[in-house]
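An overview of the molecular structure
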Number of protein chains: 4
Amino acid sequence: MTKKIKAAIIGASGYSGEELIRILSNHNECQIKIITSRQYDGIKIGEVFPRFAESKLTFSAPDVNKIIAECNVAFLALPHGLASEYAAKLVNGGVTTIDISADFRLRSLNKYKEYYNQDHPAPELLKDAVYGLPERYRESIKNAKLIACPGCYPTSSILPTAPLLEKGLASKDKIIISSMSGVTGAGRKVALPFIFPETNESLRAYGITGHRHLPEIEQELAAAFGCDAKEVAINFIPHLVPVNRGINSTIILEPTSLNITVKEIYKVYQEYYANEPFVRIKEHGNLADTKNVTLSNMCEIGFTYDKHTNKIIITSCIDNLTKGASGQAVQCMNIIFGLEETLGLK
Amino acid sequence: MTKKIKAAIIGASGYSGEELIRILSNHNECQIKIITSRQYDGIKIGEVFPRFAESKLTFSAPDVNKIIAECNVAFLALPHGLASEYAAKLVNGGVTTIDISADFRLRSLNKYKEYYNQDHPAPELLKDAVYGLPERYRESIKNAKLIACPGCYPTSSILPTAPLLEKGLASKDKIIISSMSGVTGAGRKVALPFIFPETNESLRAYGITGHRHLPEIEQELAAAFGCDAKEVAINFIPHLVPVNRGINSTIILEPTSLNITVKEIYKVYQEYYANEPFVRIKEHGNLADTKNVTLSNMCEIGFTYDKHTNKIIITSCIDNLTKGASGQAVQCMNIIFGLEETLGLK
Amino acid sequence: MTKKIKAAIIGASGYSGEELIRILSNHNECQIKIITSRQYDGIKIGEVFPRFAESKLTFSAPDVNKIIAECNVAFLALPHGLASEYAAKLVNGGVTTIDISADFRLRSLNKYKEYYNQDHPAPELLKDAVYGLPERYRESIKNAKLIACPGCYPTSSILPTAPLLEKGLASKDKIIISSMSGVTGAGRKVALPFIFPETNESLRAYGITGHRHLPEIEQELAAAFGCDAKEVAINFIPHLVPVNRGINSTIILEPTSLNITVKEIYKVYQEYYANEPFVRIKEHGNLADTKNVTLSNMCEIGFTYDKHTNKIIITSCIDNLTKGASGQAVQCMNIIFGLEETLGLK
Amino acid sequence: MTKKIKAAIIGASGYSGEELIRILSNHNECQIKIITSRQYDGIKIGEVFPRFAESKLTFSAPDVNKIIAECNVAFLALPHGLASEYAAKLVNGGVTTIDISADFRLRSLNKYKEYYNQDHPAPELLKDAVYGLPERYRESIKNAKLIACPGCYPTSSILPTAPLLEKGLASKDKIIISSMSGVTGAGRKVALPFIFPETNESLRAYGITGHRHLPEIEQELAAAFGCDAKEVAINFIPHLVPVNRGINSTIILEPTSLNITVKEIYKVYQEYYANEPFVRIKEHGNLADTKNVTLSNMCEIGFTYDKHTNKIIITSCIDNLTKGASGQAVQCMNIIFGLEETLGLK
């Protein structure tokens, strides 16, 4: 059977790369043709990821011309900055490019410079990049040549918050997001703070101001509310906790009306996400749990209204590597290629 | 060597009881005379807690008269409600009573009824009960006959927040506390949500409104600010995470002035806690981590000022069983009996 | 699309049941028609297993006649003893029955009585039962009406050991198996030893003599060697360790010849398992790791020859819920119904 | 109060160093004077180990003359090879030297070369080195100038095995030891296999032949039996499991008599360890669990006799950093300096 889509995964030796391989290996319409890694050039993937020992795939050093010749989609699982370089060539070469890095997420070149400490390496591409959150940008994704896959924290934050801003139930002010992430969220990084004895039985916040996912969340919540990104200033506080996978975000919003009810919020969610295969709204009283979404592309959302403080409180869970990265990337690919959106993701 | 203090631990078969035994077994001036448990009456403690196999202590059914005859301090590690019954008799019998349950934490009988779904069983004792947070109430503790040990979440929340309210740096409004707790925080409870496979690799919020520790936190922050408890309404959102021990609380406060600086906050903390053996203020840029306080009576506090949103952000860590329960109880005992406050706790 | 197989899962509220639901939900030729649970009769599965919230399946009390009328395969995820009762009726009713319990694993009624403390409830069915280890009994499985799915420890032990016994490389004497299992191996059991704080940071052996999986392993290794089960007496020592899923078995065998080489062992394995989709023989020097097989139906086998003591040492890993239970059950189903053996399992 | 012992900890930035600091900080008769680390020269220990933030201790580059001038005991927590260099100078300088590395554990220079891939750096010191296992060599330790602290696996293996060999209950042949270790056993090593996501939910054997602790175990078991080390060849199979601390060793021995009874074994253990403060023999039917010994210097031993295979089966647990390293080192120090042996260790 010949599959319709030929894919390259560039920078495939990290956890996002591994997750892409896992998902695409079971995808009926996409075949992995090329996986690249400078470090592991010439090495079979089973030696890096033993669970894929039966695969014939071998890492190669990245060769853009070869990718252009053989593939119609490329996933970039590269550090930011480097991703842009590949994106420029691949898009020009006609390859649909789905970037899991941060390079094309921010619309503002200034914000990019402020948060990533460098000038944007490919500003000319930004206008063509589409933010790859299908529940918000499905129509634009359909015709996109370059997808900026959302960050993991932003995905867990935007999905439950945007509808309430867009439908006028919640204020754009005083938004607070406190998140917990499993350790794969730090990448396959070999550093003292991430070895087992330093992470197990440890609970710690980090990057409590100025985290790189902050301007991304603000940009998208501003868009949902219908204002300029500058008008939204949120607190985003991430924590590292000893699980492998999963993000749990707790979000606190101010309602626009004192008469808001749980029923009303539930109705907005239900209508907004009625046809979404990857958003699960919990009935009131049931909160989200990362273990319900592990290895799935689902975003699970629980919520309540706290009359005591007049706040809407939301808990939202995703698998950081699936809906938070590679699963969402494949969801975007399915949309672009006109496939059933859930292909390979159920 | 005869030790000065003879202690009873009532309801000693849970994790707080185990922690009390651990601490008091190494205490130079306190000897455990009686440990009670109806369930394990007649059983050596080594059969319930194998790490104490060498101890000669044996559980007995609680006998108040015997405790009054033989002990000068009693720790109540009982369910709320039941604790009051014992407290009344013990206090009358002249035994200094340190209650780890919730019965005497709230000053308001209405709040007790609202949050614990029953009338207070011993309202006449409330006026004599002292909230056992030495960093706030040391002088009153010295002469107390009945100590209400603070809850674990409140301890982690009040210690970093109270000084900023008291010194006028932070507002009493819009306080938000998002906490993570290890599973011993749920007690030694045998229930499906707490078995290993349901808890490991799981991140979940619970009790996001109306948690029983909420009115306790509000009462104490109101006291620090100098207002009535009704005037403080906070968001307190606890989460269960897969570690054995530890609470990490992230606290968001509104500063009273736009000109506030990190230096100023640090100074307040340093002065306020200059002589406190169990409060550690991290230098700016270093956040708190539960693994730094495991099995210790320390509360570790990190903080920053977020100019972007004009908020003070604090992270605070304790061991929920030590500073959050049994360690604090022993700290109170030391104060009451005129001992060095850190005895048995270093 | 109408699927060929209609399945019932009887006793579906434990972890094996959950795993069956997970696997069969993605199976192209099998549809779950009935899932039973007395405890959860009338409850949607999403309320018991939130990750299946989108499923329309609802638990019902078991109704054998209905299963016979509507299904052509039934999986029994019941306690031993009870499973037999259902098996008798289902087999008589013409339903292919795949029993994940222990009732039909042992050929000897005496052993059953010795290890399970009761007379066998359906001895007349034993002669028709086939031990559901496809790598050993594929031909018999093809025509079986009643499958006895192997235990998890036996699967991890028999697969690496049987070929060396059958091919005469290893002795049937002095076999030692020391295994570690994740906590789902204890079932979804609510008991003190399995709550998180009692299991996390704990390493413990249990059942070090007389474990119920012992006679099963002995029976199958005797069969591989070609002797009576009585002639094989092994040490099997299980341990409980704090992971959710996975069994790692370390097996020590005496070679039959002093001249044995690693190459020779490797050759036997390679030939024996050349066409097996679910056995992975690691190249010499690479040991097995449970994380390589999590959520897969693979058995991963590493080995060496220890000249120092003249022993063959094997490490073998499976996912206890997949190849150790529900995955293997589906593999058997695929064989019986003439489907590709890996369907739904890749 | 002036303490009797002035200690130096050389190479104090790893987990053994941290554990030494923890223990000695609560030791009534020993004061840490010098802690060395080339990497952290000039850094306060609180910056490396935040739990010691209140300590005034500062790392310095190692200065042997200073140590000789100021200290009467030195702990070497250095890589093997390097430890010898310091030991030679310190012993000559009159400093009691307690080496936690492997340099002086093996009596045989050939074995050292075979297992550590280098010639022994200080063979002249070997004759003066005493193997620091107090339960076996207490008298020699009393007068020792140089202690070779046993490895963690050997401690967990020798303590339960030696008495049965020495008293003639078990054979020196066919000894099998299968151990599990927490990740601190790998040291504070920053390498891919030890980052959290690679270790959590992973169970794996390693070094299943030729582990460096093997000849050490063989040497000591031969001594217990009363034969040459060459006559003992055991299987020692270590596994890495996702806990922070703890070793659980399962040991299989052949009894010398077919008439052996559990009672007899228990009696030998009880008599042998009657006065030992750090050995706990579990009553028959109770197995060892690492969580019972975490952060303690105890070795917990459970056992049974398996009639089915005629084997003695033992499970033995220690904390790898305490009884397996730093606690045992302090126990030796106490003995050498004529203190109560349990000082600082209860």
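Residues numbered from 1 in each chain as written. Chains lettered and ligands numbered in written order. Predicted model: local features only at pLDDT ≥ 70, side-chain atom pairs only at ≥ 80, totals over all residues. Heavy atoms only, no water.

What follows is about unusual backbone geometry. Residues and elements named next belong to chain C. The phi torsion at Lys-174 lies on the positive side, around 60°, for a residue other than glycine. Within the fold, Lys-174 resides in the loop between helix H7 (152–166) and strand S8 (176–181). At Leu-295, a position not held by glycine, the phi torsion is positive, near 65°. Tracing the chain through its elements places Leu-295 in the loop between strand S12 (279–281) and strand S13 (299–306). For Leu-295, a relative accessible area of 28% gives the class partly exposed. (Helix = DSSP H or I, 4+ residues; strand = E, 2+ residues; numbered from the N terminus. Buried < 20%, exposed > 50% of the residue type's maximum accessible area, 1.4 Å probe, protein only.)

Right, let's talk about the domain arrangement of chain A for a bit. How large an interface is tends to be reported as the accessible area lost when its parts come together. Residues and elements named next belong to chain A. Each assigned domain of chain A is listed here: domain 1 (5–150 + 324–336) and domain 2 (153–320). Contact residues are listed per partner, giving 28 residues for domain 1 and 31 residues for domain 2. Summed over both partners, the interface of domain 1 with domain 2 comes to about 2400 Å²; 48% of that surface belongs to carbon and sulfur atoms. For the pair domain 1 and domain 2, the number of links is 4 salt bridges. Across the pair Arg-105 and Glu-216 runs a salt bridge whose closest N-O atoms are separated by 3.6 Å. The tally of links from domain 1 across to domain 2 stands at 18 residue pairs in polar contact (both at pLDDT 80 or more). Considering every element that reaches the side of domain 1 that touches domain 2, the biggest residue donor is helix H12 (residues 322–336), with 5 residues. (Domains from an automatic or database assignment. Contact = heavy atoms within 4.5 Å. Buried area = accessible area lost by both parts, 1.4 Å probe. Salt bridge = Lys/Arg side-chain N within 4 Å of Asp/Glu carboxyl O. Polar contact = N/O pair within 3.5 Å; in protein donor to acceptor, adjacent residues only side chain to side chain.)

As a further point, take the environment of Val-241 of chain B. Among the secondary structure elements, Val-241 of chain B is positioned in the loop between strand S10 (235–240) and strand S11 (247–253). Counting along the chain gives 60 residues from Val-241 of chain B to Ser-181 of chain B, while the straight-line C-alpha distance between them is 6.0 Å. With near-sequence residues (within four places) excluded, Val-241 of chain B lies in contact with Met-180 and Leu-203 of chain A together with Met-180, Ser-181, Gly-182, Val-183, Ser-202 and Leu-203 of chain B.

Our next topic: the packing of helix H8 (residues 152–166) of chain D against helix H11 (residues 262–272) of chain D. All names here are of chain D. Remark: H8 packs on H11, axes separated minimally by 10 Å, with the N-to-C direction vectors making an angle of 110°. If you check the angle between H8 and H11, you find them roughly perpendicular. Touching Pro-160, Pro-163, Leu-164 and Glu-166 of H8 are Ile-265, Val-268, Tyr-269 and Tyr-272, all from H11. A breakdown of the residues in the contact of H8 with H11 according to their chemical character gives 7 nonpolar, no polar and 1 charged. (Axes fitted to C-alpha atoms, helices over the stretch in contact; angles between N-to-C directions. Parallel < 35°, antiparallel > 145°, perpendicular 65-115°, else oblique. Nonpolar A, V, L, I, M, F, W, Y, C, P; charged D, E, K, R; others polar.)

A few words now on the pairing of strand S8 (residues 176–181) of chain A. All names here are of chain A. Of all 6 residues that make up S8, 6 are buried, and the element is covered over most of its length. Judged by which residues are buried, S8 turns out to be covered on both faces: Ile-176, Ser-178 and Met-180 on one side and Ile-177, Ser-179 and Ser-181 on the other are all buried. Across 6 bridges, S8 lies against strand S10 (residues 235–240) in parallel orientation. Along S10, the bridge assignment pairs Ser-178 with Ile-237. (Pairing = 2+ DSSP bridges.)

Glancing now at the interface of chain A and chain B. Counting residues at the interface gives 44 residues for chain A and 44 residues for chain B. Overall, the association of chain A and chain B removes approximately 3800 Å² of surface from exposure, summing both partners, and the carbon and sulfur fraction of that is 62%. When the buried surface of chain A facing chain B is broken down by residue, Glu-201, Leu-203 and His-308 of chain A rank first, second and third, together holding 19% of it. Inspection of the chain A/chain B interface yields 6 salt bridges. In this structure, Glu-198 of chain A and Lys-291 of chain B form a salt bridge, with 3.9 Å as the shortest nitrogen-oxygen distance. Top element by residues in the side of chain A that touches chain B is strand S14 (residues 311–318) of chain A. It accounts for 4 residues. The residue makeup of the side of chain A that touches chain B, split by class, is 19 nonpolar, 14 polar and 11 charged.

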